[in-house]
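So the chains spell out like this:
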Amino acid sequence: MLNNVVYRYCPVCGQEYEAGQIQNFTHQCSHCGFNLYENANTTASGVIISDNQLLLIKRAHNPKIDCWDFPGGFVEPKEHPERAVVREIKEELSVDSEVERLFGVYGPTEYLYQNKLRYNCDLYYLIKLKNTQLSPGDDAKAFRWFNKSELEELDKIAFESQVPLVKDICQQLLV
Ligand SMILES: [Zn+2]
């Protein structure tokens, strides 16, 4: 059983939360009245298809180090998800790209980071690469192209919520 980190103190006034307040996704400070909401974090990732194969990256960091994942990452505050996915692909694969369209929204994804269980809402975009010279970096230690039968056998996908995503890609985008 994981030892999930919880927020113990109000970030505004520093008062310690009382029992019962710290287990919820809303932390209501009884001292100053400030409400801390733990909402889902938005991620934006790329569905990249070429020659009837899907591109995945191997994760370089925890959570889920060494598992296969889609290139992408967290959307920054004030950043449009379409810009975020292009930025993340540049960081992880050193290649420029552009968004074709939204493929789908998946989740919630359980994301355990620094012993804090968080939840993500994941946007997946169909992406067109501007060239085929790829070089893994940042959060990606490697990349690989997978055909449909390899994806159907894939057992090291990073997140449970990506199982239906991969299934949809196999059904809709690959032959
Ligand atoms: Zn407070």
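All values reported here derive from a predicted model rather than from experimental measurement.

Participant: Looking at this structure, I do not really get the layout of surface pockets. What am I missing?
Facilitator: With a probe scaled to a water molecule rolled over the atoms, the places where space remains empty come into view. A volume near 510 Å³ is recorded for the largest pocket. Looking at the largest pocket, it is lined by 29 residues, and the ones nearest its centre are R59, G72, G73, F74 and Y111. Listed by contribution, the elements that provide at least two residues to the lining of the largest pocket are β3 (41-50), β4 (53-59), β6 (72-74), α1 (81-93), β7 (97-113) and β8 (116-129). Ranked by residues supplied to the lining of the largest pocket, first place goes to β8 with four residues. Tallied by class, residues from the lining of the largest pocket come to ten nonpolar, ten polar and nine charged.

Participant: What should I look at first to understand the coordination of the zinc ion in this one?
Facilitator: Ideal values differ by geometry: the angle at a metal is 109.5 degrees with four tetrahedral donors, but 90 or 180 degrees with six octahedral donors. Within the first shell, the zinc ion binds the protein through C10 (SG), C13 (SG), C29 (SG) and C32 (SG), at distances of 2.3 to 2.4 Å. The coordination sphere of the zinc ion comprises four donor atoms, whose angles at the metal cover 104 to 113°; the geometry is tetrahedral. For the zinc ion, the single-chain donor residues occur in sequence as C-x2-C-x15-C-x2-C. One end of the pair, C10, is in the segment before β1 (26-28); the other, C29, is in the loop between β1 and β2 (35-37), with 19 residues separating them in the sequence. There is no split in this pair, since C10 and C29 are both buried.

Participant: Looking at this structure, how should I read the pattern of salt bridges?
Facilitator: Side-chain pairs of opposite charge can arise whenever the charged atoms involved come near each other. Under the criterion given, the structure shown has ten salt bridges. Linking R87 and E76 is a salt bridge whose minimum nitrogen-to-oxygen distance equals 3.9 Å. One end of the pair, R87, is in helix α1; the other, E76, is in the loop between β6 and α1, and eleven residues separate them in sequence. For E76, a relative accessible area of 43% translates into the label partly exposed. With a shortest N-O distance of 3.2 Å, E88 and R87 are connected by a salt bridge. Of the two residues examined, E88 and R87, each falls in the buried class. Each of E76, E79, R87, E88 and E91 takes part in one network of salt bridges that share partners.

Participant: Which parts of the structure should I look at to understand the domain arrangement of the chain?
Facilitator: A common measure of how large an interface is: the accessible area buried when the components associate. By the assigned domains, the chain splits into domain 1 (1-38) and domain 2 (41-172). Between domain 1 and domain 2, the C-alpha centre-to-centre distance is 32 Å. Summed over both sides, the interface of domain 1 with domain 2 buries roughly 540 Å², with 55% coming from carbon and sulfur. In this structure, the connection of domain 1 to domain 2 is made through one salt bridge. In this structure, E38 and K116 form a salt bridge, with 3.0 Å as the shortest nitrogen-oxygen distance. Per-class residue counts for the side of domain 1 that touches domain 2 are five nonpolar, two polar and one charged.

Rules of the game
- Residues numbered from 1 in each chain as written.
- Predicted model: local features only at pLDDT ≥ 70, side-chain atom pairs only at ≥ 80, totals over all residues.
- Heavy atoms only, no water.
- 1 Å grid on protein atoms, 1.4 Å probe; cavity = no way out; pocket = protein on both sides within 12 Å on 5 of 7 lines; lining within 4 Å.
- Points joined across faces, edges and corners; volume = space filled by probe spheres on them.
- Helix = DSSP H or I, 4+ residues; strand = E, 2+ residues; numbered from the N terminus.
- Nonpolar A, V, L, I, M, F, W, Y, C, P; charged D, E, K, R; others polar.
- Donors = N, O, S within 2.8 Å, 3.2 Å for Na, K, Ca; no water.
- Tetrahedral: all angles 85-135°; square planar, octahedral: opposite > 155°, others 65-115°.
- Buried < 20%, exposed > 50% of the residue type's maximum accessible area, 1.4 Å probe, protein only.
- Salt bridge = Lys/Arg side-chain N within 4 Å of Asp/Glu carboxyl O.
- Domains from an automatic or database assignment.
- Buried area = accessible area lost by both parts, 1.4 Å probe.

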